[in-house]
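Inside the fold
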Amino acid sequence: MHEKDQIKILVVDDRQDNLLSISTILERENYTTVKASSGRAALKILLGETDFSLILMDVQMPDMNGFETASMIYQREKLKNIPIIFITAFSHGEEDMFKGYKAGAVDFLYKPVNPELLRVKVGLFVELYRKTLSLEREIEERQASELRVRELNSQLLQNNMQLKAANEELDRFAYIASHDLQEPLRKIRMFSDLILQKKPQTDEISKHILKITNATERMQQLVNDLLRFSRHSVSKGDFVEVNLNGIVQEAVKELDHQIQQTNTQVMIDPLPAVYAIPTLMQQVFYNLIGNAIKFRKKDGIPQVHIYAKQEAPPKELVNGNGDISFYNIYVKDNGIGFESKYLEDIFIVFKRLHSYHEIEGSGIGLSICKKIMEQHNGFITAVSEVNNGATFIIGLPRVK
């Protein structure tokens, strides 16, 4: 359908021959015309129909002239943008012309109306009106979009606040639950040890008691891990400049028994100084070195190599601060490794790639590392291949 088929024009004139003449010219151009024989008739039509693209109106009409009718039309909000072309039988003086434009006229046509001039002017103002409406719709849509964005941002902020509160509540619950579990576990272990010390007893009873003791130890380790995971709320004042060489050496000392038992070789290159919370960073290296020992190959000598590189951080951590540089600390081992598709899974709480019977552990260690690194405005990731070792990378902002 042609675009002009959608355009309605109101023609207002007290003479039927003028109405017929103008309507005939416009309808040949595929415009739809509605005729009114007086100003009052035009106002009555406009009460029910407001979708006119243009009004052509005679100035000299009995009862209510064109200027008065235009003033009444533009009092309605829905009609104020419809352009009006006045048609008059004679040339007005400047005062009358001013009155016409003040009433809302966009132009004047003089009788007898020149058909070609009428077509040109109508086409011009119809197109202008169409563009005005299009612009208004675009502005309204943009305002609606901006309002929607503000509403979504407000909802997102509210959701973030609720999520933060839920996480804090979950941390408190984990801490309280884990803390309260400590006492009954200690009693189970204590009474199990007392039973084992009693003589005589059968080998079967001893075996069952030993299983109870081992299960209790695993449960206690899980509780301790949960406690560590829930305790890691920090403040800016907790951060100090620390040399990572000392931090790693302390972690190695804590793991001395496991290192001696497995003949693990730990090689530590010179490491940088960073702003960090010493106890938490020690926990990170304790978990990473401990994992390297835990996931060693059955044959061969376990090796762990720790070294540092100054590199650019991931784009998502820069946030416009292009001058930030990071130290990436690598903890590389020659263990059993894992498939790269499980990279995200290994940092999820309780997510395990191996059953407890294969390799001991609670499945919390790497989750703790991830949480600590996030609190340090850093990151942790890994690269690995099955049977070809794993390299964990932690990134920390460089001390300036």
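Our structure is the block above this text.
First, a word on what this report is: a plain description of the structure on this page. Each chain has its residues counted from 1, following the order in which its sequence is written. Per-residue local features of the predicted model are confined to residues with pLDDT of at least 70, and side-chain atom pairs are confined, for both listing and counting, to 80 or more; whole-chain, interface and lining totals are unaffected and use all residues. Excluding hydrogens and water, the side-chain figures rest on all heavy atoms present in the structure.

1. Side note on the sheet that holds strand β2 (residues 32-36)
The criterion for strand pairing is that DSSP finds at least two bridges linking the strands in question. By definition, any uninterrupted DSSP run of H or I lasting at least four residues is a helix, any uninterrupted run of E lasting at least two residues is a strand, and each is numbered from the N terminus. Judged by pairing direction, the sheet is parallel, and its five strands sit side by side in the order β2-β1-β3-β4-β5 without closing on themselves. Unpaired on one side and paired on the other, β2 and β5 (105-110) mark the two borders of the sheet. Adjacent strand axes in the sheet meet at a mean angle of 20°, parallel and antiparallel pairs treated alike. As paired elements, strand β3 (residues 54-58) and strand β4 (residues 84-88) share four bridges and run parallel to each other. Paired with Asp 58 across the strands is Ile 87, a residue of β4. Only the stretch in contact is used when fitting a helix axis, every axis being a line fitted to C-alpha atoms; angles between N-to-C directions are given from 0 to 180 degrees.

2. Quick word on the pattern of salt bridges
Criterion for a salt bridge: a side-chain nitrogen of Lys or Arg within 4 Å of a carboxyl oxygen of Asp or Glu. In the structure shown here, the tally under the stated rule is 15 salt bridges. Here Lys 370 and Glu 374 are joined by a salt bridge, their closest N and O atoms 2.7 Å apart. Within this pair, Lys 370 and its partner Glu 374 are both found in helix α11 (residues 365-375), separated by four residues, close to a single helical turn. A simple rule labels every residue: compare its accessible area, found with a 1.4 Å probe on the protein chains alone, to the largest value its type can have, and call it buried under 20%, exposed over 50%, or partly exposed in between. Here Glu 374 falls in the partly exposed class, since its relative accessible area comes to 47%.

3. Quick word on the side chain of Asn 287
Here Asn 287 shows up in helix α9 (residues 278-294). Sequence-distant contacts of Asn 287, that is, excluding residues within four places in its chain, are made with Gly 365, Ile 368 and Cys 369. It only takes one pair of heavy atoms within 4.5 Å for two residues to be counted as in contact.

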